[in-house]
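Per-entry structural report
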Amino acid sequence: MHVRKFYTGSFIYNLIIINSIIINLSNTTNVSVNESFEKVASYGLLPNMIFYLMNGYHVEAANGASMLSIWSSISNFLAIVGAFLADSYMGRFWVILLGSFSSLLGTTTLWSTAMIPQLKPAPCNQLVSSNCSSATPAQFAILLSSFALISIGAGCVRPCSIAFGADQLDNKDNPKNKRVLETFFNWYYASTSVSGMLAFTIIVYIQDHLGWKIGFGVRAILMVLSTLMFLFGSHLYIKVQPDKSLFTSFIQVIVASLRKISLYPSSNTVNYYHAKDSNYVTPTDNLRFLNKACMIENPEEDLNPDGTASNPWKLCSIGQVESLKALLRITPMCSTGIIILLSLNQQTFATLQAKTMDRHISPSFQIPAGSFTVFTIITVTLWIAIYDRAVVPILVKFTGHPRGLSPKMRMGIGLLLSAVSMAAAAVVENKRRKFAIDQGLVDEPQKVMDMSAMWLIPQFSLIGLAEAFNAIGQIEFYYSQLPKSMSSMAMAIFTLGMAVANLLGGLLVKIVDRVTRKHGKESWLSSNLNKGHLDYFYWLLMAMCLVNFGYFLVCCWAYGPSVDVAEMPTDKMPERNEDTSGIREPPTV
């Protein structure tokens, strides 16, 4: 069986290498290419989408930014649903396939809004004319339906791809299994970065120079290729069967604990229920109230003749209890990443800034305004490579940590860098606004001023460095603290943080816009950036980042030492069975 598994992986490893631009993986290549194409198709929407909403649907800048934030929030929130379906009911293969078809239908619907004039209001420049007609409810309904389908697709594909890819390689009998998984994680992040760069450069360039019809059409074609690529290797995939519902299991633990509220957790190991093949002896001391759920009150009543629980709503296994504990313990740590993600998601305004600045890098070529986000991705990619190959070996000598810095330390550094990036953004915007005023462009927001857009690169690079530290540190932290049976959920927890950040970002934009435009004043987030005060908004975000860093320190203190679950003593290890054995090793950063 293991020989067949290795041979199959090696076969696709070589077969798909051409289609994935020499992405050299095993049978996970199909999965990586599938998600890469899905991300190119969906990420390529975001940079220029604000212009499509403003020019095509006559939406105000603040309202458009809020719409995009809510859309991204829904996409990321649905990752929890996708992970739940994959781990508990459908399995990862079918969820990814469902997501691929949904994304394909969504991108095709969006393409139709550019191809069919009747699906948008009549052309009109709202920055010049105040009489532009708004989109009808039917026109907005079609646009929003395309957004919804794309969100469903992203929610299914993104949380499952990394876990499904690892399923193809995870072989406990292989002495190099750990290294193989680490290599896969590195290539996974590399493919994500490549897809992001393609989206923010080539796709955006096509939109700017060839129009929305071709730009959206290219994304639809990419989704066709994504779906076909995934289906191509379907007969070779290792498809791990879904386990019982995680959420049901969590609810059972809570109910069982409440039913035994009068009991006191015993230190006698005989009194605890062990599921079949469990490696646990006693539950951990964290959140001890939940330990009551696995206490056996009366063996004759609580257990069946075969040793299983007679009533799962009254008696749960130690593994069930520890899984819920792990999820509850990391929740506050997850919340510390919301503000940095909120800051990262405000790049819509940076795109509007770039549109008003000189973006030429030669007399005949200028960088599209929506492509400046690529500097964030380049920074992330370069730092991952530099950190992994050059920085880690040096830090190991001083810290003793096998990855140089602990995940929590990297998360903290990322939070501080996010504050620095917002300060840099505020300084540059203040300078840009003064240039516009000095050049008499206050009432001409569409004209390009004599100031290089390269001044925006530091803020994009700093937020990229912050993401490289914080986001990857978060994901590694979740993988090290959660059991393998929750591997899809681990990635979904991160995307849930992104969902909350998008939602709060949209809400923050609406509040700031509404408050600052009171008494007839110009909004900080005016569609005319030369009249607004975007720099004040960036200073506000910087202050929020600093407050969030203080909250992060409190959460770290409350969490205590974070021991990798894979390194816990044998009497404290999670349950293990054929489908959920072991703990997912975190990616090497």
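For every chain, the first residue of its written sequence is number 1, and the numbers climb from 1 along that sequence. Local features are withheld for residues below a pLDDT of 70 in this predicted model, meaning they are given only at 70 or higher, and side-chain atom pairs are given and counted only at 80 or more; totals for whole chains, interfaces and linings count all residues. Hydrogens and waters are ignored; side-chain quantities use all the structure's heavy atoms.

Let us now look at the overall build of the protein chain. A tally of regular secondary structure across the protein chain gives 18 helices and 2 strands. Type-normalised accessible area, obtained with a 1.4 Å probe on protein chains alone, sets the label of each residue: buried when under 20%, exposed when over 50%, and partly exposed for intermediate values. Buried residues in the protein chain amount to 56% of all 589 residues. Per-residue and other accessible areas follow the Shrake-Rupley method at a 1.4 Å probe size, with only the shown protein chains counted as cover for residues. Accessible surface for the protein chain amounts to roughly 25000 Å². Of this, 66% is attributable to carbon and sulfur atoms. Secondary structure is summarised from DSSP: a helix means a run of H or I of at least four residues, a strand means a run of E of at least two, and numbering begins at the N terminus for each.

Here we take up a nonpolar patch on the surface. Excluding any residue in a salt bridge, patches collect residues exceeding 30% relative accessible area, merging like charges within 9 Å and nonpolar Val, Leu, Ile, Met, Phe, Trp and Tyr side chains within 5 Å. The term salt bridge refers to a side-chain nitrogen of Lys or Arg lying within 4 Å of a carboxyl oxygen of Asp or Glu. A cluster of nonpolar residues, Val500, Leu504, Leu507, Ile511 and Val515, forms a patch on the protein surface that exposes about 390 Å² of accessible area. Its location among the elements puts Leu507 in helix H17 (residues 487–516).

What follows concerns the nonpolar core. In globular proteins that are soluble, nonpolar side chains generally tend to be buried together. Membership of the largest hydrophobic core comes to 97 residues, with the highest contact counts inside it found for Met49, Phe349, Phe537 and Tyr538. Any two residues whose heavy atoms approach within 4.5 Å at even a single point are treated as in contact. Look past the residues within four positions of Phe537 in its chain and what remains in contact with it is Gln346, Phe349, Leu508, Val509, Val512, Trp524 and Leu525. Listed in part, the 11 residues of the second largest apolar core include Phe93, Ile96, Leu97 and Val157. By convention a nonpolar core is built from buried Ala, Val, Leu, Ile, Met, Phe, Trp, Tyr and Cys residues, the set being connected through side-chain atoms within 4.5 Å.

What follows concerns the packing of helix H13 (residues 347–355) against helix H16 (residues 457–481). Note on definitions: angles span 0 to 180 degrees between N-to-C directions of axes, and those axes are lines fitted to C-alpha atoms, for helices only across the stretch in contact. Two elements in contact, H13 and H16, have axes separated by 11 Å at closest approach and are oriented at 160°. Put simply, H13 runs roughly antiparallel to H16. By crossing handedness, the relation of H13 to H16 is classed as left-handed. When H13 is examined against H16, the residues Gln347, Ala350 and Gln353 are found in contact with a partner set consisting of Gln459, Phe460 and Ile463. Classes in brief: Ala, Val, Leu, Ile, Met, Phe, Trp, Tyr, Cys and Pro nonpolar; Asp, Glu, Lys and Arg charged; the others, Gly included, polar. Residues of the contact of H13 with H16, tallied by class, amount to 3 nonpolar, 3 polar and no charged. The scheme is simple: roughly parallel for angles under 35 degrees, roughly antiparallel for over 145, roughly perpendicular for 65 to 115, oblique for anything else. Helix crossings get a hand from a simple test, with the near helix turned counterclockwise from the far one by less than a right angle marking a left-handed crossing and a clockwise turn marking a right-handed one.

Turning next to the side chain of Thr107. Along the chain, Thr107 turns up in helix H5 (residues 92–115). We define a polar contact as two N or O atoms separated by no more than 3.5 Å, with the added condition that, inside protein, one atom must be a possible hydrogen donor and the other a possible acceptor, whereas residues neighbouring each other in sequence contribute only through side-chain atom pairs. At a separation of 3.0 Å, a polar atom in the side chain of Thr107 contacts the main-chain carbonyl oxygen of Leu104. Look past the residues within four positions of Thr107 in its chain and what remains in contact with it is Ile150, Arg219, Ala220 and Met223.

What follows covers helix H18 (residues 534–559). With 26 residues, H18 extends 37 Å between its outermost C-alpha atoms, agreeing within 8% with the 38 Å of an ideal straight helix rising 1.5 Å per residue. Positive phi appears at Gly560, one or two residues downstream of H18, with a value of about 80°. A helix is expected to reach a length of 1.5 Å times the quantity of its residues less one.

Relative to the 46 Å expected for 32 residues at 1.5 Å per residue, helix H15 (residues 407–438) spans 47 Å between its end C-alpha atoms, a close match to the ideal helical length. Positive backbone phi, approximately 70°, marks Gly440, located one or two places after H15.

Looking at the element boundaries, Gln481 is found in helix H16. With a relative accessible area of 8%, Gln481 lands in the buried category. Here the side chain of Gln481 touches Tyr559 through a polar contact of 2.7 Å, side chain to side chain.

This part is about unusual backbone geometry. Among all residues save glycine, negative phi is the norm, and among peptide bonds the norm is trans. A positive phi angle is found at His58, which is not glycine, with a value near 60°. As for its placement among the helices and strands, His58 is situated in the loop between helix H3 (46–56) and helix H4 (61–88). The phi dihedral of Leu287 falls on the positive side, at around 50°, and the residue is not glycine. Along the chain, Leu287 turns up in the loop between helix H9 (246–259) and helix H10 (299–302).

The next thing to look at is the packing of H15 against H16. The interhelical angle for the contact between H15 and H16, taken along N-to-C directions, is 160°, at an axis separation of 7 Å. Here H15 is positioned roughly antiparallel relative to H16, judged by the angle of their axes. In terms of crossing hand, the pair formed by H15 and H16 is left-handed. Of the residues that constitute the contact of H15 with H16, the class distribution is 16 nonpolar, 7 polar and 3 charged.

For the coordinates displayed, the defined rule picks out 6 salt bridges. Across the pair Glu322 and Lys325 runs a salt bridge, and its minimum N-O distance is 3.2 Å. Residue Glu322 and its partner Lys325 are both found in helix H11 (residues 318–335); the two are separated by 3 residues, about one turn of the helix. Accessibility classification places Glu322 together with Lys325 in one group, the buried group.

Along the chain, pLDDT gives the predictor's confidence residue by residue, from 0 to 100. Per-residue pLDDT for the protein chain has a mean of 77; in total, 78% of the residues score no lower than 70. Element-level mean pLDDT values for the protein chain span from 37 in helix H1 (residues 2–15) up to 93 in H18. Residue range residues 1–33 is modelled with pLDDT below 50. Its contacts to residues more than four positions away, or to other chains, number 59 contacts. The low-confidence segment residues 566–589, where pLDDT is below 50, has 78 contacts with residues more than four positions distant or belonging to other chains.

Ring geometry is summarised as follows: Phe, Tyr and Trp rings, the Trp one being its six-membered ring, pair when their centres sit within 6.5 Å, and such pairs are stacked at plane angles under 30 degrees, edge-to-face over 60 and tilted between the two. All told, the structure shown has 18 aromatic pairs when counted by the stated rule. An angle of 50° between the planes, with centres 5.8 Å apart, marks the rings of Phe372 and Phe375 as tilted. What links up through ring pairs into an aromatic cluster is the set Tyr52, Tyr57, Phe140, Trp212 and Phe216. Sitting over a ring, as applied to charges here, requires NZ of Lys or CZ of Arg to be within 6 Å of the ring centre and within 35 degrees of the ring normal. Over the ring of Tyr559 we find Arg329; its NZ or CZ atom is 3.9 Å from the centre of that ring. The ring of Phe51 has Lys355 sitting right over it, with the charged end atom 4.9 Å from the ring centre.

Attention now moves to the environment of Leu53. Inspection of the secondary structure puts Leu53 in helix H3. Among the residues examined, Leu53 registers a relative accessible area of 0% and is labelled buried. In the structure, Leu53 is positioned 12 residues away from Ala65 in sequence and 9.3 Å away in space, judged by C-alpha atoms. With sequence-adjacent residues up to four places away left out, Leu53 is seen in contact with His58, Val59, Gly64, Met67, Leu68 and Leu143.

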